[in-house]
Structures are given as structure tokens and as C-alpha cells.
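# Reading the structure
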Amino acid sequence: MLDKIKALREEIKQLTAQTADEAEHLRIKYLSKKGIISELFNDFKTIPSEQKREVGQVINVLKNEAQEFINGLKEQFADTQVKGAGVDLTLPGTVMKLGSRHPLSLVRNEIVNIFARLGFNISEGPEIEDDFHVFTALNFPEEHPARDMQDTFFIEKDPDVLLRTHTSSVQVRVMEKTQPPIRSIFPGRVFRNEAISARAHCIFHQVEGLYIDENVSFADLKQTLLYFAKEMFGEKTQIRLRPSYFPFTEPSAEMDISCTLCGGKGCNVCKYTGWVEILGCGMVDPHVLEYSNIDSEKYTGFAFGMGIERITMLKYQIKDIRLFFENDVRFLEQFKASI
Ligand code: DAH
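The shown structure was predicted, so the numbers you read here are calculated from the model rather than taken from an experiment.

## Some details on the sheet that holds strand S5 (residues 154-155)
In a beta sheet, neighbouring strands are held together by backbone hydrogen bonds and run either parallel or antiparallel to one another. Overall, antiparallel pairing links the three strands, which are arranged S4-S6-S5 in an open sheet. Each edge of the open sheet is held by one strand with a lone partner, namely strand S4 (128-130) and S5. Of the strand pairs in this sheet, S5 and strand S6 (residues 158-163) are connected by two bridges, and their pairing is antiparallel. Residue pairing across strands places Ile-155 opposite Asp-158, the latter belonging to S6.

If you want it as C-alpha cells, here you go:
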């Protein structure tokens, strides 16, 4: 019997098949229930028991070898095509590119998170606003030249309806509904009737902040904004407040940070001053509190407003604001790493 097995092993190694059918016939011939190898197992039952151990081992080796070899023959003919579908499964697939967040969303989220750590929550207001919330309640009297600070898109049919020029309008909406303490920020889109250039756009984004409580002072404003500047632009960042004018804050200031590019030494980003302006701020004018029924004898507060495009341009050294609105993938995909 051992000779027979040896001969079969040799025989199987010589097998070839030209088609899938031929390979299948070989499988049936050798490996099926009535195949040659199964018969061997039947013969095995009849041999003397002292030979069983040795012969059993050799038959098993034969069976495994035959299975492997005949499977190998069959695999040559394995179909790579889904029958009738005309699809070749071995072709490489179409790669779906992973999208990335828009740089303005990334920076918006970063700003929101920094202020969230100081206990500020978020509110939003409408983009299509009325004159009262954008101007009057913020202490811009009618016909006052301060209204010209921001070129406004009005709706022709109704001059009372306009596109908000700043997110300061959300301050009013929040104060109308909420009594202090208020500690909120308001991110959103704003609109100004301005010519589009590398530095200005008619649509852009701002984040407004408002903090109203008893005994809120200018020192609180300064400390909050210093914290923000360091978190956003790095621990070494310094701030500088310059007196300014906004109708809704008194006193008002504009805040500069030490230049992110040269660190204050002077370069063309900071126009060799070492400082770049990033936001407007001030103590909320008592008139503004009173317009929204907040007791200005009891409460004080501060407010600030910044452009998200400006912060993003400084942070990533982007030179042209129009890039944010062109949706050019070559620009947008550069911000993938910071998802
Ligand atoms: N709303 C101002 C603007 O769009 C920015 C601003 C300045 C907001 C001073 C403030 C502030 O809250 O206190 O130019």
C-alpha cells in the first residue's frame, strides 16, 4: 500500500489542466467521496493494525498535498470578472478624496473654544436685520455720520430692512431676551457694500463678544483679550490697546497684537511697526444697556468684535481675502492637517 501511495503522490504532482472544467474533473477523480484518495481510506481499514500508524500518516500527507495542488490548478482559472456585469474587479477603484474643513470654520471653532474655556456661550442672530438692531439700539442715532463707518446693503422696498454690517446686532438681540450676567460670543456672517480687493470683501465673518455683570471693568476686558491673543497666536504674543471710537462703547479701543511674523521687530506684514490690529472693543455704553432694558446703574460690561478672515490671514499668512471665497481645492486642502 505504501508503494501505491508513493506512486499516487508522484502522479498528482504531474497533473495539469487546460481549463477550469478539467481542473474540476481532477478534483472529482482524486478528492471526491468516491475518488481515488477516499478509496485509499477504505483500503486502510483492512490493513494490519501495526501498520496503521505509518500508513495513516502517509495517506494524510497525500490528501493534503493533493488538495493543495488541485486547488492551485483551479485557481489559475478563477474568474476576475463578475459574470454579465462587465466589471473587472481587479481594476483599481476610484479613490474618494477626504474633504477638509474650510480654514474660516477651523479658526471660528478655535475662537469659540478659547472663549468657551472662559465660560462664554454662543448665540446667533439673523443675517437679514432691521435698522434698530444694527444701528439705533447700538447708539447710532439716525442721520448720525457714524452710520457711514459701515457701507450698508439696504433692501430697496423697505429701508428698515438691511443685511447686518456687524455681529454687534446680536448683542442687542441677546440683551433684549436675557438679563445679566451675560457672557456670550456671537460668530456669524456680515455684509458690507465694499469693493472686493485683496484686503476687503463684501461678505465676511465676525465674532462678537459680550460680557455684562456687576462690577465688570476695563481690566477684565484687557485680561480676557490678552488670554485670547496668547491662546490664538502663541504664549509670547503681546497686546496693545489704542483709544478709538465706536458709538456703542465708551471708552472704546482697538487692539493690536505683536506681529505674528516678525515678533515685533518690523516686517512688511506689520508695515514695520511691530504691531497688527485685530479687533475693536470697549466698555458697553450705558445708553446701549438702557436701550435693551438693562439697568446701567447696576451693571457694566465690555464688548469686542473681530473679523475671522483677518485672524485667519494672520495665523496662516494668507495674503488675499478672496481666496476664502473661491473654493479652489488647491487652497482649501492645505488645511487638512488641522481637522
Ligand atoms: N462692530 C465693530 C465693527 O464691525 C467691531 C466692534 C468694535 C465690536 C468695538 C465691538 C466693539 O463689540 O466693542 O467694526
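What follows continues from the structure just given.
## Things to note about the side chain of Thr-167
Considering the arrangement of structural elements, one finds Thr-167 in the loop between S6 and helix H7 (168-177). For Thr-167, a relative accessible area of 0% gives the class buried.

## Topic: the nonpolar core
Ile-111, Phe-228, Ile-278, Phe-304 and Met-306 are the most contacted members of the largest nonpolar core, which totals 44 residues. Elements represented by at least two residues in this core include exactly helix H5 (103-116), strand S8 (203-213), helix H8 (218-233), strand S10 (249-258), strand S11 (275-284), strand S12 (300-307), helix H10 (308-316) and helix H12 (329-332). A total of seven residues in this core trace back to one element, the largest contributor, which is H5. Residues contacting Ile-111, with those up to four places away along its chain left out, are Ile-185, Val-207, Phe-228, Met-232, Met-306 and Ile-308. Formed by 23 residues, the second largest nonpolar core is a distinct cluster that contains Phe-140, Ala-146, Ile-182 and Phe-246.

## A short note on the UniProt feature "domain: Aminoacyl-transfer RNA synthetases class-II family profile" (unreviewed entry) in the protein chain
Residues given the UniProt feature "domain: Aminoacyl-transfer RNA synthetases class-II family profile" (unreviewed entry) here are residues 107-326. Helix makes up 27% of residues 107-326 and strand makes up 32%, while its end C-alpha atoms are separated by 18 Å.

## Observations regarding the UniProt feature "binding site: Mg(2+)" (unreviewed entry) in the protein chain
Taking the numbering used here, the UniProt-annotated feature "binding site: Mg(2+)" (unreviewed entry) corresponds to Glu-250. Relative to the assigned elements, Glu-250 resides in strand S10. For Glu-250, a relative accessible area of 49% corresponds to the partly exposed category. For Glu-250, the contacting residues outside a window of four places in its chain are Met-283 and Asp-285.

## Observations concerning the site of the ligand
Every one of the 16 residues lining the ligand counts as a neighbour, but His-166, Ser-168, Arg-192, Gln-206 and Glu-208 are closest to it. When the ligand is considered free in solution it has 350 Å² of accessible area, and contact with the protein chains removes 91% of it. For the shell around the ligand, the residue count by class is five nonpolar, nine polar and two charged.

## Let's talk about the pairing of S10
Burial of S10 is extensive: eight of the ten residues sit out of reach of the surface. When strand S9 (residues 239-246) meets S10, the two strands line up antiparallel, connected through seven bridges. Looking at the pairing, Leu-241 lines up with Met-255 of S10. Here S9 folds back onto S10 in antiparallel fashion, the turn holding two residues.

## Describing the pairing of strand S7 (residues 182-191)
Within S7, eight of the ten residues are buried, leaving the element largely enclosed by the surrounding structure. Strand direction decides the pairing type here: strand S3 (residues 121-122) and S7, joined by two bridges, are parallel. Bridging across to S7, Asn-121 finds its partner in Ser-184. Bridge count between S7 and S8: ten bridges; the pairing is antiparallel. Residue Val-190 lies in a different strand from S8, and its bridge partner there is Phe-204.

## Quick word on the state of the cysteines
The bond known as a disulfide is covalent and runs between the sulfur atoms of two cysteines. Summed over all chains, the structure comprises zero disulfides. Residue Cys-267 stays outside any disulfide, its sulfur separated by 3.7 Å from that of Cys-259, the closest cysteine. You can see Cys-281 has no disulfide; the closest cysteine sulfur is in Cys-259, sitting 20 Å from it. Under the relative-accessibility criterion, Cys-281 is labelled buried at 2%.

Conventions we followed
- Residues numbered from 1 in each chain as written.
- Predicted model: local features only at pLDDT ≥ 70, side-chain atom pairs only at ≥ 80, totals over all residues.
- Heavy atoms only, no water.
- Pairing = 2+ DSSP bridges.
- Helix = DSSP H or I, 4+ residues; strand = E, 2+ residues; numbered from the N terminus.
- Buried < 20%, exposed > 50% of the residue type's maximum accessible area, 1.4 Å probe, protein only.
- Core = buried A, V, L, I, M, F, W, Y, C linked by side-chain atoms within 4.5 Å.
- Contact = heavy atoms within 4.5 Å.
- UniProt positions renumbered as here; feature names shortened; annotations may be inferred.
- Near = heavy atom within 4 Å.
- Areas by Shrake-Rupley, 256 points an atom, 1.4 Å probe, with all protein chains shown as cover.
- Nonpolar A, V, L, I, M, F, W, Y, C, P; charged D, E, K, R; others polar.
- Disulfide = S-S within 2.5 Å.

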